[in-house]
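# Observations on chain architecture
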Amino acid sequence: MGKGFLTYSSAIILQAVANGYLYGFDIIDVTGLPGGTVYPALRRLEETGHLISKWEKHAIAQEESRPPRKYYELTRAGQDVLAEAVKRYRLLEQSDLNQERTPKPTKA
C-alpha cells in the first residue's frame, strides 16, 4: 500500500473528521464502523501524517463525568489524500458525511 492510498474505511474516517466529527466515539457513531476499525485507523492516519490529535483537558472531561476525548484534526496532507480518495470512491461525494457540519467547539 502506497503512502497516498487510503482504504475505503480510512477515507470515510477522514471524511468524518473533515466534516467536524472530531473524536473517536463521534466518528464511530456517524460512520457506523466498529471501534475495532476506527481506533486503529485513526492511529495509522496519525502515524502517516494525515491527522494530528490533541487530548482535551482532564478537568473538562471530569466536569462532564466522562473519559477525556482525543480530538483529531485533518492536516494538509490529509486533505490532499482525502481529495484523491473522494475521486476514487465516488460514493463519498454522495454520502451524508459529505454534508457540511458546524464543528463542535473543542474545549481542549
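The model shown is predicted, which means the values in this text are computed figures rather than measured ones. (Residues numbered from 1 in each chain as written. Predicted model: local features only at pLDDT ≥ 70, side-chain atom pairs only at ≥ 80, totals over all residues. Heavy atoms only, no water.)

Along the polypeptide, Ala77 turns up in helix α5 (residues 76–88). A residue is classified by how much of its surface remains accessible, and Ala77, at 37% relative accessible area, is partly exposed. Sequence separation between Ala77 and His50 is 27 residues, and the spatial gap between their C-alpha atoms is 5.4 Å. Discounting chain neighbours no more than four positions away, the residues touching Ala77 are Gly49 and His50. (Helix = DSSP H or I, 4+ residues; strand = E, 2+ residues; numbered from the N terminus. Buried < 20%, exposed > 50% of the residue type's maximum accessible area, 1.4 Å probe, protein only. Contact = heavy atoms within 4.5 Å.)

This paragraph deals with the packing of aromatic side chains. The geometry of an aromatic ring pair comes down to the distance between the two centres and the angle between the two planes. Scanning the model with the defined rule gives two aromatic pairs in all. Ring geometry for Tyr8 versus Tyr89: centroids 5.1 Å apart, planes at 80°, classification edge-to-face. Linking Tyr8 in helix α1 (residues 8–18) with Tyr89 in the loop between α5 and α6 (91–94), this pair joins segments that are 81 residues apart in sequence. For Tyr8, a relative accessible area of 32% corresponds to the partly exposed category. Ring plane angle 80° and centroid distance 5.7 Å describe the contact between Tyr23 and Tyr71, whose orientation is recorded as edge-to-face. One end of the pair, Tyr23, is in the loop between α1 and α2 (24–31); the other, Tyr71, is in strand β2 (residues 70–74), with 48 residues separating them in the sequence. Here Tyr23 and Tyr71 have matching classes, each one buried. Seen from the ring of Tyr23, Arg69 lies directly overhead, with NZ or CZ sitting 4.0 Å from the centre. (Phe/Tyr/Trp six-rings, centres within 6.5 Å; stacked < 30°, edge-to-face > 60°. Lys NZ or Arg CZ within 6 Å of the ring centre and 35° of its normal.)

A word on the packing of α2 against helix α3 (residues 35–47). Between α2 and α3, the least distance of the axes is 10 Å, while the angle of their chain directions is 125°. In terms of axis orientation, α2 runs oblique to α3. Judged by the twist between their axes, the crossing of α2 over α3 is right-handed. On α3, the residues that touch Gly24, Phe25, Ile27, Ile28 and Thr31 of α2 are Gly35, Val38, Tyr39 and Leu42. Taken together, the residues of the contact of α2 with α3 break down into six nonpolar, three polar and no charged. (Axes fitted to C-alpha atoms, helices over the stretch in contact; angles between N-to-C directions. Parallel < 35°, antiparallel > 145°, perpendicular 65-115°, else oblique. Left-handed = near helix turned anticlockwise from the far one by under 90°. Nonpolar A, V, L, I, M, F, W, Y, C, P; charged D, E, K, R; others polar.)

Nothing here speaks to function; it is all geometry.
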